[in-house]
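# Observations on the model geometry
Next come the chains, spelled out residue by residue.
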Amino acid sequence: MSSSLAAAALLAAAVAVPAHADPRTSDADTLSYAQSTGVGVHNAYAQSRYPYLADALDSGAAMLELDVWTNGFGVGWRVAHNAPLWNENNCVDAATAAELRTGSRNRDLAGCLADLRAWHDADPGHRPVLLKIEMKDGFNGTGGRGPAAFDALVERELGDVLFRPADLLGAHATLDDAARAGAWPTREALAGKFLIHLIPGTVERGNPFDSLWTDVEYARHLRALAAAGTAERAVAFPAVLRAESGDPRARYADAGLRPWFVVFDGDAAAYAAGAIDTAWYADRGYLLVMTDAHAVPPAVDARNPTEAEARERVRELARAHASVVSSDWTPLPQVLGTVLPRG
């Protein structure tokens, strides 16, 4: 075990955030963002998860997921799970915190981002929140919904409250260099910030006519911006989707893209099975999102396990070097607010 992992293990009991504690006041704040483990909620935009997106934000979760559609059969950037032509979600396009639970729901991506901003403005020192955006059918550049348009939309709504790839990059040549150099800020330094990572969506991955998936398209975009000296325009981190042994970035034929991926996202059960060296991610400062945490054997309930079962699963996956442990445990805000040392 490396010295950093040993130190994290010794600190584990000390910095776990109890159910009643505000994570911003805990010892976990002293950890680098890449050295901590939080708990995420799958499809937090769904009305079956929370009546309003503000409820998801109030839950204490470290990560919230949105699904976005861009195809030309509907208008704009739609947020929904199985409705590719319209919006179906708990966002209300709030202008102020007082509006977060008023008005009609089912707004577009801009409306969801507006809710994030209104919530932030009411609590500007909130915990760092990672937004996982699944581009269900990918970007649609010909329809005016490509990576640059995505950046412009997010910039307009969230702007100064984002932690961007350029913030990690600093003076380093690539994101890989920055992550390995320990450039992630502490959780305290990230208070009041949103981070975004993008994954290719289920429809995109199943489309035989789509040869340019979100991960590659946005990584190319980010690399081009960095080469032009305008990396600050990028608002999101492209993520490598699907767990596999070794360096999963080897799947990208363009080796020059690989150093622009420092976020990885895959099934918790695959990571926990033992065939994948998850310490490889932590030792290099890469973020590792483990989804469907409930499915790790022995499986627990996907929505409402006992608090003890959920807490033990979070501890187990924190020891396995997860940055985020994700499931659908919306009835357990006392678990969603947990922050542990990673490793």
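Reference entry: report on the structure contained in this document. Just so it is clear, the structure is predicted and the values come from calculations on it, not from any experiment. (Residues numbered from 1 in each chain as written. Predicted model: local features only at pLDDT ≥ 70, side-chain atom pairs only at ≥ 80, totals over all residues. Heavy atoms only, no water.)

## Regarding the state of the cysteines
As used here, a disulfide is simply a covalent bond connecting the sulfur atoms of two cysteines. Summed over the entire model, instances satisfying the criterion amount to one disulfide. Residue Cys91 pairs covalently with Cys112 via a disulfide, S to S 2.0 Å. Looking along the S-S bond of the Cys91-Cys112 disulfide, the torsion reads about 95°, which is the right-handed sense. Of this pair, Cys91 sits in the loop between β3 (78-79) and α3 (109-122) while Cys112 sits in helix α3, placing them 21 residues apart in sequence. Relative accessible area serves as the criterion here: at 0%, Cys91 is assigned to the buried category. The exposure class of Cys112 is buried, given its relative accessible area of 0%. (Disulfide = S-S within 2.5 Å. Helix = DSSP H or I, 4+ residues; strand = E, 2+ residues; numbered from the N terminus. Buried < 20%, exposed > 50% of the residue type's maximum accessible area, 1.4 Å probe, protein only.)

## Focus: unusual backbone geometry
Leaving glycine aside, a negative phi is the common case for residues, and trans is the common case for peptide bonds. Look at the link from Pro297 to Pro298: it is a cis peptide, with omega at -10°. Its identity as a non-glycine residue notwithstanding, Asn43 has a phi of 50°, on the positive side. Along the chain, the position of Asn43 falls in the loop between β1 (36-41) and α2 (53-58). Asn43 sits in the buried class, given a relative accessible area of 4%. Here Asp292, not a glycine, exhibits a phi torsion of approximately 50°, which is positive.

## What to know about the nonpolar core
The biggest cluster of nonpolar side chains holds 104 residues, and the ones touching the most others in it are Leu109, Phe150, Leu158, Trp184, Phe194, Val262 and Trp329. Looking at which element gives the most residues to this core, the answer is α3, with seven residues. In this view, Phe194 contacts Leu57, Leu116, Trp119, His120, His126, Val129, Leu131, Leu158, Val161, Leu162 and Phe163; residues no more than four positions away in its chain are not counted. (Core = buried A, V, L, I, M, F, W, Y, C linked by side-chain atoms within 4.5 Å. Contact = heavy atoms within 4.5 Å.)

## What to know about the pattern of salt bridges
Across all of its chains, the model carries 21 salt bridges by this definition. Linking Arg311 and Glu307 is a salt bridge whose minimum nitrogen-to-oxygen distance equals 2.9 Å. With Arg311 and Glu307 both in helix α11 (residues 307-319), this residue pair falls four residues apart, about one helical turn. Residue classification places Arg311 among the buried positions, given a relative accessible area of 18%. What emerges from the salt-bridge pattern is a single network uniting Asp176, Arg180, Asp247 and Arg249. (Salt bridge = Lys/Arg side-chain N within 4 Å of Asp/Glu carboxyl O.)

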